[in-house]
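Remarks on the overall topology
Here's the letter readout for the chains.
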Amino acid sequence: MRNRLLLFLLLALAISAQTPPSVKGGMVVSQERLASEAGAQVLREGGSAVDAAVATAFALAVVHPAAGNLGGGGFLLSRPVDGPPSFVDFREAAPGAAGPRMWLKAGVYDEARHHRSLASVGVPGTVAGLHEAWRREGRLPWARLLHPAIRLAREGFLLSENQAASLAEQLPEFRKHGPTLAQFSRDGLPLRTGDRLVQRDLARTLVRISKDWRDFYRGRTARLILRDTRENAGLIRAADLAAYRPVLREVLRGRYRGLEVLAAPPPSSGGQVLIEALNILEGYDLRAAGAGSPAAVHLASEALRRAFADRARFLGDPAFNLDMPLDRLLSKAYAGELRGTIEPDRASVSAPDRFTWPRDRPDTTHLSVIDRRGSAVSLTYTLEDSYGLKRIVPGAGFLLNNELGDFNGGPGLTDATGLIGTPPNLAGPGKRPLSSMCPLILVKDGAVLLVSGSPGGRSIPSTVLETVLNVVDFGMDARAAVDTPRFHHQWLPDRIQVEAGLAEATRAALKAMGHDLSVVKKQGCAQVILVRDGQAEGAADSRRWADSGLAAE
Ligand code: GLY
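As the structure is a computational prediction, the values presented were derived from the model and not from experiment. (Residues numbered from 1 in each chain as written. Predicted model: local features only at pLDDT ≥ 70, side-chain atom pairs only at ≥ 80, totals over all residues. Heavy atoms only, no water.)

Comments concerning the overall build of the protein
- Of the regular secondary structure elements, the protein holds 20 helices and 20 strands.
- For 553 residues, the compact-globule estimate of 2.2 N^0.38 gives 24 Å, and the protein sits close to it at 23 Å.
- Excluding contacts between residues fewer than 6 apart, the proportion of contacts in the protein whose partners are at least 24 apart in sequence is 72%.
- As displayed, the protein has an accessible area near 20700 Å², and 54% of this comes from carbon and sulfur atoms.
- Treating the 68 positive side-chain charges of the protein as one cloud and the 59 negative ones as another, the clouds have centres 4 Å apart. (Helix = DSSP H or I, 4+ residues; strand = E, 2+ residues; numbered from the N terminus. Rg over C-alpha atoms; globule rule 2.2 N^0.38 Å. Contact = heavy atoms within 4.5 Å. Areas by Shrake-Rupley, 256 points an atom, 1.4 Å probe, with all protein chains shown as cover. Lys, Arg positive; Asp, Glu negative; His and termini not counted. Charge placed at Lys NZ, Arg CZ, Asp CG, Glu CD.)

Quick look at the structure:
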């Protein structure tokens, strides 16, 4: 009898291991409804989560040109139910002519060259990266995934209030470059809410990519990019485009209160900061402290302070920084040592003798996907600044990034104004600039619990961390986890940035502990999916974009 029971239990276990946990209501959450709908339709047609993410990302390049892109780069984290998690790094790469002193003019740091010239354009990774993810885990034909983007570019779409306001705000910049002004205005005048934005050159580029993605790197699109860079002192050459490869990297893994954390490895610092901070926080009873309480904000800020200090010291492109001590930084033992340096009710002091931070760049965007089988994708990509370099490639209709601005300013350039000159993140040929993007998937008992990510420059890991704490420690639903007021600490400058919604009493208590505070209206724009009782629950962040999009399978 006991043997039969044992046999039955073993059989049940074997069957449950083979049957992927299903999720009611697959969904896509992104910063734009039209893009999310493009992804959800792909899911309805039997596409994989990666298929949906690819379709959503291409559609975002059309309907959210501030950050959705062909001319930028990013990271795609995938957790299929029937295979191991994977991570595609399609971060932009510096061209062969790059070097650590490239932002200096006669030995003096040249801010405009670093952030606003064609020299700041990295070799774009988005097209190659999305194709690589599709090649590995796609189910529908590649060309099918570009159909919605092609249609939205060719037929146009009606601008929402947000989209029209965002384009109007950039008009003075667009005026500096005729082809960009022509694409994003009505004969030089601002487009208004309800106007139709048609992008014919972009549609033609997307059609070429749908026929053969290599067109971007070796075909007509490549030639259009090269003509522009040659004529305008850009550094990208044909060999740089031809040499670009996305990199399949080991997912950065951690554990938090029994959950599995899947996160971004270098060249992003997102996973290191997130996991190191979570390891420190695991030693505290945050639930008892309460969400938004002085103790919870203090402890999370102190954890972030320490994780960001390590980021600054050690992180950069792994191909050029072979001695990054990630095993140690992400160990529970190290977290214990760091916890020992945190006082429960007194702010630490960030050593100010090293360096402060460069100013943050605001635009990046995130999308989260889950399908009915429970496969998930977390994708963050960027042009660096809002609308990147704010100039399209003439004839190709897409915006170029200014991502190389994420490299440090130059060797030994560290100063109190925020310049950094430490070696791990100096520019170099083929090198990828250090990122803060933090696509995350949290797994509970073998099934996806949370998919999260956000834009926000250096504040991205803090925003993502808080979505985790809100769900795991404070038991919030997806909506509350996204809406709860946020905060951020990045070691230097030595202060906590808090959203205006954080309670006045908490702010006063933090100041009494010795924290310096700065108040911002909004931090980040998280796109979150939470799975509870087998039901997917999505929350699109309304902080930046009131009509952010959530679409169900
Ligand atoms: N450009 C934003 C980031 O990579 O963190």
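So, next bit.
Remarks on the pattern of salt bridges
- A full pass over the atoms with the stated rule returns 31 salt bridges.
- For Glu 337, the salt bridge identified is with Arg 328, shortest N-O distance 3.8 Å.
- On the accessibility criterion, Arg 328 (45% relative accessible area) is partly exposed.
- Here Arg 479 and Asp 483 are joined by a salt bridge, their closest N and O atoms 3.0 Å apart. Here the residue Arg 479 and the residue Asp 483 both occupy positions in helix α19 (residues 478–483), the gap between them amounting to 4 residues, near one helical turn.
- Salt bridges sharing partners connect three or more residues here, namely Glu 302, Arg 305, Arg 306 and Asp 494. (Salt bridge = Lys/Arg side-chain N within 4 Å of Asp/Glu carboxyl O. Buried < 20%, exposed > 50% of the residue type's maximum accessible area, 1.4 Å probe, protein only.)

Thoughts on the packing of helix α2 (residues 33–44) against helix α3 (residues 49–63)
- As a packed pair, α2 and α3 sit with axes 8 Å apart at the nearest point and diverge in direction by 155°. Relative to α3, the element α2 lies roughly antiparallel. For the element pair α2 and α3, the recorded crossing hand is right-handed. Contacts from Leu 34, Ala 35, Ser 36, Ala 38, Gly 39, Val 42 and Leu 43 in α2 reach Ala 49, Asp 51, Ala 52, Ala 55, Thr 56, Ala 59, Leu 60 and Val 63 in α3. (Axes fitted to C-alpha atoms, helices over the stretch in contact; angles between N-to-C directions. Parallel < 35°, antiparallel > 145°, perpendicular 65-115°, else oblique. Left-handed = near helix turned anticlockwise from the far one by under 90°.)

Some points on the sheet that holds strand β12 (residues 376–384)
- Across the sheet, which stays open at both edges, the 7 strands sit in the order β8-β3-β2-β12-β11-β1-β20 with antiparallel pairing between neighbours. The open sheet terminates on both sides in strands that have one partner only, identified here as β8 (247–249) and β20 (549–552). Between one strand and the next, the sheet's axes are offset by a mean angle of 15°, whatever the strand orientation.
- Sheet analysis places strand β2 (residues 73–79) next to β12, joined by 7 bridges and oriented antiparallel. Pairing of Leu 76 across the sheet is with Leu 379, part of β12. (Pairing = 2+ DSSP bridges.)

Notes on the packing of helix α13 (residues 270–281) against helix α17 (residues 332–339)
- Two numbers describe how α13 lies on α17: the axes approach to 8 Å, and their chain directions differ by 65°. Two packed elements cross with a definite hand, and for α13 against α17 that hand is right-handed. Facing α13, whose interface residues are Glu 276, Asn 279 and Ile 280, α17 presents Lys 332, Tyr 334, Ala 335, Leu 338 and Arg 339.
- When grouped by side-chain class, the residues that make up the contact of α13 with α17 number 4 nonpolar, 1 polar and 3 charged. (Nonpolar A, V, L, I, M, F, W, Y, C, P; charged D, E, K, R; others polar.)

Topic: α13
- In this model α13 runs 17 Å from its N-terminal to its C-terminal C-alpha over 12 residues, within 8% of the 16 Å that 1.5 Å per residue would give.
- Burial within α13 is extensive, with 12 of its 12 residues counted as buried.
- Looking at α13, one finds that the buried residues are Gly 270, Gly 271, Gln 272, Val 273, Leu 274, Ile 275, Glu 276, Ala 277, Leu 278, Asn 279, Ile 280 and Leu 281. (Expected span 1.5 Å × (residues − 1).)

What to know about empty space enclosed by the protein
- Applying the stated rule across the entire model yields 3 cavities of 30 Å³ or more.
- Empty space within the largest cavity amounts to approximately 100 Å³.
- Taken together, Ala 291, Gly 292, Ala 296, Val 297, Ala 300, Glu 466, Leu 469, Asn 470, Phe 474, Thr 484, Pro 485 and Phe 487 make up the full set of residues lining the largest cavity.
- Taken together, the residues that form the lining of the largest cavity break down as 8 nonpolar, 3 polar and 1 charged.
- The computed volume of the second largest cavity comes to approximately 80 Å³.
- Residue lining of the second largest cavity: 15 residues in total, with Ala 61, Pro 65, Gly 68, Phe 398 and Leu 399 positioned closest to the centre.
- Per-class residue counts for the lining of the second largest cavity are 9 nonpolar, 6 polar and no charged. (1 Å grid on protein atoms, 1.4 Å probe; cavity = no way out; pocket = protein on both sides within 12 Å on 5 of 7 lines; lining within 4 Å. Points joined across faces, edges and corners; volume = space filled by probe spheres on them.)

Considering unusual backbone geometry
- For the bond running from Pro 266 to Pro 267, omega is 20°, close enough to zero to count as cis.
- Residue position: Pro 267 is located in the loop between β10 (259–263) and α13.
- The residue Glu 384 is not glycine, and still its phi comes out positive at about 80°.
- We classify Glu 384 as buried; its relative accessible area is 5%.
- One non-glycine residue, Lys 390, adopts positive backbone phi at about 65°.
- Its place among the elements puts Lys 390 in the loop between β12 and β13 (440–444).
- Given a relative accessible area of 15%, Lys 390 falls into the buried group.

Digging into the sheet that holds strand β19 (residues 535–540)
- A sheet is described by the order of its strands in space; here 6 strands give the open sequence β9-β10-β13-β14-β18-β19, paired in antiparallel fashion. Looking along the sheet, the strands with just one partner apiece sit at the ends: β9 (252–256) and β19. Within the sheet, the average angular offset between the axes of one strand and its neighbour, ignoring direction, is 25°.
- The sheet contact formed by β9 and β10 spans 5 bridges and is antiparallel. Each residue of the ladder has a partner; that of Arg 253, found in β10, is Leu 262.
- On top of the sheet, α13 reaches β9, β10 and β13; it is set at about 20° to β9, its chief contact.

Considerations on helix α11 (residues 220–231)
- Here α11 spans 17 Å end to end across 12 residues, near enough to the 16 Å set by a 1.5 Å rise per residue.
- For α11, every residue scored as buried is listed here: Thr 221, Ala 222, Leu 224, Ile 225, Leu 226, Asp 228 and Thr 229.
- Tucked into the core, α11 has its buried residues touching α9 (200–211), α10 (215–218) and α12 (238–243).
- Positive backbone phi, at 60°, marks Ala 233, one or two positions downstream of α11.

Concerning the packing of aromatic side chains
- Tallying each qualifying case throughout the model produces 10 aromatic pairs.
- Ring geometry for Phe 184 and Tyr 387: centres 6.3 Å apart, planes at 65°, overall edge-to-face. Highlighted residues: Phe 184 in the loop between α8 (178–183) and β7 (196–197) and Tyr 387 in the loop between β12 and β13, separated in sequence by 203 residues. Of the two residues examined, Phe 184 and Tyr 387, each falls in the buried class.
- Both rings, one in Phe 216 and one in Phe 398, keep their centres 5.2 Å apart while their planes meet at 35°; by these two values the pair is tilted. Of this pair, Phe 216 sits in helix α10 while Phe 398 is found in the loop between β12 and β13, placing the two residues 182 residues apart along the sequence.
- For Phe 216, a relative accessible area of 0% translates into the label buried.
- Here Phe 398 falls in the buried class, since its relative accessible area comes to 3%. (Phe/Tyr/Trp six-rings, centres within 6.5 Å; stacked < 30°, edge-to-face > 60°.)

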